[in-house]
Amino acid sequence: MKLNLQNYQNRHPLKTRIARLLWNGVWIFLFRPTPRGFCYGWRIFLLRLFGAKIGKGCHVLPSAKIWQPSNLAMGDYSCLSENVDCYAVDKINIGEQVVVSQGAFLCCASHDISSPIMELTYKPIVICDNVWVAAGAFVGPGVTIGEGAVVGACSVVVKSVAPWSVVVGNPARFIKKRAINEVI
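A brief report on the enclosed structure follows. The structure presented is a predicted model; accordingly, all values stated were derived computationally and were not measured.

What counts as what
- Residues numbered from 1 in each chain as written.
- Predicted model: local features only at pLDDT ≥ 70, side-chain atom pairs only at ≥ 80, totals over all residues.
- Heavy atoms only, no water.
- Helix = DSSP H or I, 4+ residues; strand = E, 2+ residues; numbered from the N terminus.
- Rg over C-alpha atoms; globule rule 2.2 N^0.38 Å.
- Buried < 20%, exposed > 50% of the residue type's maximum accessible area, 1.4 Å probe, protein only.
- Contact = heavy atoms within 4.5 Å.
- Areas by Shrake-Rupley, 256 points an atom, 1.4 Å probe, with all protein chains shown as cover.
- Core = buried A, V, L, I, M, F, W, Y, C linked by side-chain atoms within 4.5 Å.
- Phe/Tyr/Trp six-rings, centres within 6.5 Å; stacked < 30°, edge-to-face > 60°.
- Arc of directions from axis to C-beta.
- Pairing = 2+ DSSP bridges.
- Axes fitted to C-alpha atoms, helices over the stretch in contact; angles between N-to-C directions.
- Parallel < 35°, antiparallel > 145°, perpendicular 65-115°, else oblique.
- Nonpolar A, V, L, I, M, F, W, Y, C, P; charged D, E, K, R; others polar.

Digging into the overall build of the chain
(1) Moving on: Each helix and strand counted, the chain has two helices and 19 strands in total.
(2) Moving on: For 184 residues, the compact-globule estimate of 2.2 N^0.38 gives 16 Å, and the C-alpha radius of gyration of the chain, at 17 Å, lies within 12% of that figure.
(3) Moving on: Each principal axis of the C-alpha distribution contributes one length, and for the chain these read about 65 × 40 × 20 Å.
(4) Moving on: Looking at the chain as a whole, 41% of its 184 residues qualify as buried.
(5) Moving on: Partitioning the intrachain contacts of the chain with sequence separation of at least 6 by distance along the chain shows that 28% fall at a separation of at least 24.
(6) Moving on: Carbon and sulfur atoms provide 60% of the accessible area of the chain, an area that totals close to 10,100 Å².

Here is the structure:
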């Protein structure tokens, strides 16, 4: 059997495509040009205007890309850093006190490689409270990162991560439990 991509059809409804077109214009002209280090409230306002659910004290830096803001939810005091890419074809739920570092890619979609038209597939991503997703990490569709977990830099996470675990590598593997030191 061969691939036959001439029969591929865009599965996104017209309403979604129009909203994305409008969001892209807003991102290019009103979101992206804002100065780094402040204007967080303005960027949060724009995201909420397009349906994102954003908690208090959140920071979303101007170079962060959110494919469809209505699929993004962020708990209080969480951060999307420089060049984070949220390919939010499905829901991306980020808990409280979460840091998603520079260049991380949260990807809710893929393609069915057994289909002759490689149709789009998608599953939500859940990042629980107190998680750190380090720089350059990839988090794939359907992954849940448990509370307090750490995903190491440049790691590729394609399976869910247990709470309070530290995972690194490609594919990401458990290396140790995370412990928080007592404050003196």
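Next, the rest of the story.
Quick notes on the nonpolar core
(1) Moving on: One finds Leu80, Val133 and Ile145 to be the most contacted residues of the largest nonpolar core, which totals 39 residues.
(2) Moving on: At the level of elements, helix H1 (14–31), helix H2 (40–49), strand S4 (72–74), strand S7 (92–94) and strand S12 (125–127) are the ones that each hand at least two residues to this core.
(3) Moving on: Among the elements that make up this core, the one with the highest residue count is H1 (four residues).
(4) Moving on: Discounting residues that sit within four places of it in the chain, Val133 has contacts with Val99, Val100, Ser101, Ala104, Ile127, Val139, Ile145 and Val151.

Thoughts on the packing of aromatic side chains
(1) Moving on: Across all of its chains, the model carries five aromatic pairs by this definition.
(2) Moving on: Pairing Trp23 with Phe31 gives two aromatic rings, centres 5.6 Å apart and planes at 70 degrees, and the pair type is edge-to-face. Phe31 shares its class with Trp23; the two are buried.
(3) Moving on: Ring centres of Phe105 and Phe138 lie 5.6 Å apart, and the angle between their planes is 70 degrees; on these two criteria the pair is classed as edge-to-face. Highlighted residues: Phe105 in strand S9 (residues 105–107) and Phe138 in strand S14 (residues 138–139), separated in sequence by 33 residues.
(4) Moving on: With a relative accessible area of 24%, Phe138 lands in the partly exposed category.
(5) Moving on: Taken together, the aromatic side chains of Trp23, Phe31 and Phe50 make up a single cluster linked through ring pairs.

Considerations on H2
(1) Moving on: Among all positions in H2, only Tyr40, Arg43, Ile44, Leu46 and Leu47 are buried. Taken down its axis, H2 places every buried residue within 160 degrees of arc, on the same side. Across H2 from its buried face, at more than 90 degrees, point the exposed residues Gly41 and Leu49.
(2) Moving on: Where H2 is buried, its residues meet H1, strand S1 (53–54), strand S2 (59–60) and strand S3 (65–66).

Side note on the sheet that holds strand S5 (residues 79–80)
(1) Moving on: Spatially, seven strands are ordered S2-S5-S8-S13-S16-S18-S19 in an open sheet, and the strand pairing comes out mixed. The sheet terminates laterally at S2 and strand S19 (173–177), the two strands that pair on one side only.
(2) Moving on: Relative to strand S8 (residues 99–100), S5 runs parallel, the two sharing two bridges. Pairing of Cys79 across the sheet is with Val99, part of S8.

So, the pairing of strand S18 (residues 165–168)
Remember that side chains alternate between the two faces of the sheet whenever the strand is regular.
(1) Moving on: Pairing of strand S16 (residues 150–151) with S18 involves two bridges; the strand directions are parallel. Its bridge partner being in S18, Val151 is matched across the sheet by Val167.
(2) Moving on: The pairing of S18 with S19 spans four bridges and is antiparallel. Looking across to S19, one finds that Val167 is bridged to Phe174.
(3) Moving on: In textbook terms, the turn of a hairpin is the stretch between consecutive antiparallel strands, and for S18 and S19 this stretch comprises four residues, one of which, Gly169, has a positive phi near 100 degrees.

Side note on the packing of H1 against H2
Describing two packed helices takes the angle between their axes plus the distance from one axis to the other.
(1) Moving on: The contact between H1 and H2 brings their axes to 11 Å, and the two run at 170 degrees. The angle between the axes of H1 and H2 places the two elements in the roughly antiparallel class. Counting all contacts with H1, which are made through Trp23, Val26, Leu30 and Phe31, the residues of H2 involved are Trp42, Arg43, Leu46 and Leu47.
(2) Moving on: Class assignment of the residues belonging to the contact of H1 with H2 gives a composition of seven nonpolar, no polar and one charged.

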